[in-house]
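# Fold and contact review
So you can see what is in the structure, the chains are spelled out below.
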Amino acid sequence: MTQYFAHSANKAGSPWEPLKEHLQCVAKRASEYADVFGAKEEAAIAGLWHDLGKYSELFTKRLRGEMSGLDHWSTGALATLISFRDKAVAAGLAVQGHHIGLQEGFSQRIRDDLDITRLSDPATHPLGLTLTEPNIKALLERFKADEFVMPSAPQVPLYDFVAPSAAAMLDVRMLFSALVDADYIETEAHFEGKSDGTKVYRYEGPGLQAKKAFEILSVHLEELERVTKSSQSVRRIRKHLLDTCLKKAGLPTGIFTLTAPTGAGKTLAMLAFALKHSIANTKIRRIVMVVPFLSIIEQTAKVYRQLFEPHLGSLYILEHHSLVGASREGRGDQLNLDNEEEARRLARLLAENWDAPLVITTSVQLFESLFANSPAKCRKLHRLADSIILFDEVQTLPSRIVIPSLAALSRFTERYGCTVVFSTATQPAFDHLSEKVKPYATTGWRPQNIVEDSLSIFNQARRVQIDWQVEQTRSWESVAGDLAKNENSQSLCIVNLKRHAQILTMHLYKLIDKDGLFHLSTNMCPAHRVKVLKEVCVRLRPDNLRPCRLISTQCVEAGVDIDFPVAWRAFGPLDAIAQAAGRCNREGRLDGLGRMVVFLPEKEHDREYLYPPGGYKQATETTRTLFEEKKNEAFRKGISFENIFDIYDPELFNQYYRLLYSLTRATELDLDLEDALQRRSFVDVAQHYRLIGPSINVLVPYSDEIDLFESLKRRLDKEGRLTRQWIQDARPLTVSLYRPKSGDTVWNYLYPVPLGCGEQADDWFIYLNKEDYDSLLGLKPPDEGGAWMT
């Protein structure tokens, strides 16, 4: 009998891997993954038939290096759909996409994509490939001849053609994830195996150990309470919030909101809720912390690592975002977690599929994965079943994607045993969108409030008086003049654009001692930002009265723990203004209230941008509309404007978000995205679902780390290609920019990183002119007018 193979020999010279062995292993692993969400039978089908097309002489020739350009996946998908029809559509789509990505989920498009006549001819095959074996019957006979029994149809199919689109497509992605992850791990184990054919599997991530982790956190919180220098009122608020979170943690899984003022200790209180919630709901396997910006993930990760790693090991915490590389390297025979390099390598492996108990990631990484179609991006999704997903400082989602985003999270809580927590000082009012969510996920959006008496806690947290100076515009020169006054020697000023931060900093540079002037924006690399924040925190200590004026963009408004006695904020979105206020008198140490001035910047006649484009600009306009409405209401009623436009009143934000989502037509999706969802096109949904615009990563010549910069350049010259390890090592010197427009002169200073084989990256660059990285301002190319400076 002819023997068929899945893979050729590995680098150790192992025997070829029999196809039967590979199919059995993938089916077993995929079914174990999918058993968590009740789809093990369908996952087993996908595992058994994902490489059905390898039962062919052509594929054997491919393994010998005698052929290329073969399609071995379409016939397995077609066999699944022919054999089980609508009972295993998700399995068929997963098999079809396990190399090329998920394709189309509408019944007629599936039939068109898998038309055997069309696929059999390379001239009409969509990828110009040759089927390894067009005869489905012959493939199934060879499958049975390998001592396989034909699988049975699933009792409850995962995919439903008439179910709401976002939920149904997420179900397919979850099964797809289980198959892809199982296939990757089994394939990797073969190629990392020994010469005798013994497979070597990667290290599996540790368990959550919720009770032990909760004990560790509890001790830490007690120590924080013992050493804190915060005022009694702040300490009472933090204790009340923590106690409330722990009291509600015993509830069943579901959707929750945690609304509390900035400085109330939400981040640790939310983690305490999650750990105790995991103890009460024993199926919970991991906690995923989602933060809005790369600029604050460093601080969050540092706090968690210092807290848990000494007790639970270096693999307990996993960071995953655009500046952390993932690797396909094998784990080798020995596991030595005391070796730093080994631990880093294993962490990169675990990042590929989120095999860790506590994952820290960004909104972009999470949400775009939920709507992706590629194997690599979807691979981790099955790990989210039975998880708690925490959104720390959740920001307003772009209006065009808010409905499907909420629908996907709602489906996780309904079908996959998840808990979702939205935490912020300015909770978006999504409740009124529940009926709009239902056509995409039947349960809609109905969160429970963790803090019932939010008005009371906000009133207790009143630590700042807002001075609204928005009737007339202010020049940057005049703002700098005010900031230079002695009473503002320790002050924070937050502006809307990186360009504005640089302009204001340079005006102030002319007026004060340079020793006390600081600037912060994402045009500065992480190593630079960390150094600045460290010095700022030292100067702001109660026992230190040294001058400290910080000019910053919004990157300081979420998750950055600083406390100024005076703050200034350029007029912008209401939630951003509230976040800025949270950086003023944060610890309540002033005798009275802190002061924050909100001012209206003058318009720039020669510039296109006064605010970042898109949602930020719309949110600012909404704030202005609400401001004028409340001002007129105060005039009509003869009452104080501050009494009805109060950033400590949750109802004001409820009105703000309702107005925002009304003005930006949040209940109407982007037409391209809505069309793609209705057609259930995984390809088009992935293309049109985007949180942010296209960006690039730039390695910058920060002078304090110039040796690292030169070392990274030399490694590229030597290795000749971009590697995951290089990306990881380059992280401290990497700046992310909105992709410059064609013709922007900044392109003259960007050298593309090589990918190998003569190709160059289109999203990784080295900045060539060292003089353009300023020790105060960060990256400052000659052309500062492009959209990338927003």
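Residues numbered from 1 in each chain as written. Predicted model: local features only at pLDDT ≥ 70, side-chain atom pairs only at ≥ 80, totals over all residues. Heavy atoms only, no water.

The next thing to look at is the overall build of the protein. Regarding its fold elements, the protein presents 30 helices and 23 strands. Over its C-alpha atoms the protein spans a radius of gyration of 28 Å, differing by no more than 12% from the 28 Å that the globule rule assigns to 790 residues. Projecting the C-alpha coordinates of the protein onto the three principal axes gives extents of approximately 90 × 55 × 50 Å. Counting all 790 residues of the protein, 58% fall into the buried class. Across the protein, contacts joining residues at least 24 apart in sequence account for 78% of those joining residues at least 6 apart. Accessible surface for the protein amounts to roughly 31800 Å². Of this, 49% is attributable to carbon and sulfur atoms. (Helix = DSSP H or I, 4+ residues; strand = E, 2+ residues; numbered from the N terminus. Rg over C-alpha atoms; globule rule 2.2 N^0.38 Å. Buried < 20%, exposed > 50% of the residue type's maximum accessible area, 1.4 Å probe, protein only. Contact = heavy atoms within 4.5 Å. Areas by Shrake-Rupley, 256 points an atom, 1.4 Å probe, with all protein chains shown as cover.)

Pairing is parallel across the open sheet formed by six strands, whose spatial order is S12-S17-S16-S13-S15-S14. A single partner strand is all that each edge strand has here, and the edge strands are strand S12 (464-474) and strand S14 (517-520). The mean angle between the axes of side-by-side strands here comes to 15°, regardless of whether they run parallel or antiparallel. Examined bridge by bridge, strand S16 (residues 566-570) and strand S17 (residues 594-601) share five bridges and lie parallel to one another. (Pairing = 2+ DSSP bridges. Axes fitted to C-alpha atoms, helices over the stretch in contact; angles between N-to-C directions.)

What follows deals with the pairing of S17. Side-chain direction in a regular strand flips from residue to residue, so the side chains alternate between the two faces of the sheet. In terms of burial, S17 is largely enclosed, as seven of its eight residues are buried. Once the chain exits S16 it traverses helix H23 (residues 574-581) before rejoining the sheet at S17, and the crossover so formed is right-handed. (Right-handed = clockwise from strand over helix to strand, strands pointing away.)

On to the pattern of salt bridges. Under the criterion given, the structure shown has 48 salt bridges. Between Glu21 and Lys199 there is a salt bridge whose closest N-O contact spans 3.5 Å. Taken together, the residues Glu21 in helix H1 (residues 19-35) and Lys199 in the loop between helix H9 (165-191) and helix H10 (210-227) connect sequence positions 178 residues apart. Judged by its relative accessible area of 31%, Glu21 is partly exposed. With its nearest N and O atoms 2.6 Å apart, the salt bridge here joins Asp171 to Arg411. In this pair, Asp171 is assigned in helix H9 and Arg411 in helix H17 (residues 402-415), connecting sequence segments 240 residues apart. Look at Arg411 and you get buried, because its relative accessible area is 13%. One continuous salt-bridge network, built from bridges that share partners, spans Glu17, Glu21, Arg29, Glu186 and Lys199. (Salt bridge = Lys/Arg side-chain N within 4 Å of Asp/Glu carboxyl O.)

Taken in spatial order, the seven strands of this open sheet run S7-S8-S6-S9-S10-S5-S11, and their pairing is parallel. Each edge of the sheet is formed by a strand with only one pairing partner; in this case those strands are strand S7 (317-320) and strand S11 (448-449). Here strand S6 (residues 286-291) pairs with strand S9 (residues 387-392) via five bridges, running parallel. Across the sheet, the residue bridging to Met289 is Leu390, located in S9. Sheet strands in contact with helix H12 (residues 266-280) are strand S5 (255-259), S6, S9 and strand S10 (419-424), and its direction is about 170° off that of S9.

Moving on to the packing of aromatic side chains. A full pass over the atoms with the stated rule returns 29 aromatic pairs. An angle of 85° between the planes, with centres 6.4 Å apart, marks the rings of Phe653 and Tyr656 as edge-to-face. Of the two residues, Phe653 and Tyr656 both sit in helix H26 (residues 650-663), three residues apart, roughly one turn of that helix. Accessibility assignment for this pair places Phe653 and Tyr656 in one class, buried. Taking the centre distance of 5.5 Å and the plane angle of 70° together, the rings of Trp747 and Phe765 count as edge-to-face. With a gap of 18 residues between them, Trp747 in the loop between strand S19 (734-738) and strand S20 (750-756) and Phe765 in strand S21 (residues 759-767) connect regions that are remote in the sequence. (Phe/Tyr/Trp six-rings, centres within 6.5 Å; stacked < 30°, edge-to-face > 60°.)

In this structure, Phe308, Trp468 and Trp726 are the most contacted members of the largest nonpolar core, which totals 225 residues. Ranked by size, the runner-up nonpolar core spans 19 residues in total, among them Val479, Ala501, Leu517 and Ile551. (Core = buried A, V, L, I, M, F, W, Y, C linked by side-chain atoms within 4.5 Å.)

Looking now at helix H29 (residues 706-719). If you check H29, its first and last C-alpha atoms are 20 Å apart, about what 14 residues at 1.5 Å a residue would give, namely 20 Å. Of all the positions in H29, only Phe709, Leu712 and Leu716 are classed as buried. The buried side chains of H29 occupy one side of the element, clustering within an arc of 65° when seen end-on. Opposite the packed face of H29, turned more than 90 degrees from it, sit the exposed residues Asp707, Arg714, Asp717 and Lys718. Once H29 ends, the next one or two residues include Gly720, with phi positive near 75°. (Expected span 1.5 Å × (residues − 1). Arc of directions from axis to C-beta.)

Quick look at the pairing of S7 now. What you see with S7 is no split at all: Ile317 and Glu319 on one side and Leu318 and His320 on the other are buried throughout. Across four bridges, S7 lies against strand S8 (residues 358-362) in parallel orientation. Bridge assignment links Leu318 to a residue of S8, and that residue is Val359.

So, about the packing of helix H4 (residues 74-84) against helix H5 (residues 89-100). How two helices sit against one another is set out by the angle between their axes and by the gap between those axes. Close contact between H4 and H5 brings their axes to 7 Å; oriented N to C, the two are set at 170°. With respect to H5, the element H4 is oriented roughly antiparallel. In contact with Gly76, Ala77, Thr80 and Leu81 of H4, H5 contributes Val89, Ala91, Gly92, Val95 and Gln96. Residues belonging to the contact of H4 with H5 are distributed by class as follows: five nonpolar, four polar and no charged. (Parallel < 35°, antiparallel > 145°, perpendicular 65-115°, else oblique. Nonpolar A, V, L, I, M, F, W, Y, C, P; charged D, E, K, R; others polar.)

A positive phi is found at Asp386, a non-glycine position, where the angle reads about 55°. The exposure class of Asp386 is buried, given its relative accessible area of 10%.

Packing of H1 against helix H2 (residues 40-49) leaves a shortest axis separation of 7 Å and a crossing angle of 155°. Judged on the interaxial angle alone, H2 and H1 are roughly antiparallel. The element H1 and its partner H2 pack so that their crossing is right-handed. In this structure, H1 uses Leu23, Val26, Ala27, Ala30, Ser31, Ala34 and Asp35 to contact H2, whose residues at the interface are Lys40, Ala43, Ala44, Gly47 and Leu48. Broken down by class, the residue content of the contact of H1 with H2 amounts to eight nonpolar, two polar and two charged. (Left-handed = near helix turned anticlockwise from the far one by under 90°.)

For residues with low pLDDT, the predicted coordinates do not support detailed interpretation. Per-residue confidence for the protein averages 88 on the pLDDT scale, and 91% of its residues sit at or above 70. Of all the helices and strands in the protein, helix H14 (residues 340-353) carries the lowest mean pLDDT, 56, while H1 carries the highest, 97. Low pLDDT, under 50, characterises residues 325-340; the predicted model gives this stretch 44 contacts beyond four residues in sequence or across chains. (pLDDT = per-residue confidence, 0-100.)

Once that is clear, we can look at the side chain of Ser552. Mapped onto the elements of the fold, Ser552 is located in strand S15 (residues 548-552). Take Ser552: its relative accessible area is 0%, and that puts it in the buried class. Discounting residues that sit within four places of it in the chain, Ser552 has contacts with Leu492, Cys493, Ile494, Val495 and Leu520.

Within the fold, Asn10 resides in the loop between strand S1 (5-7) and strand S2 (17-18). A distance of 3.1 Å separates a polar atom in the side chain of Asn10 from the backbone nitrogen of Ser14. Among the polar contacts made by the side chain of Asn10, one reaches the main-chain carbonyl oxygen of His190 at a distance of 2.8 Å. (Polar contact = N/O pair within 3.5 Å; in protein donor to acceptor, adjacent residues only side chain to side chain.)

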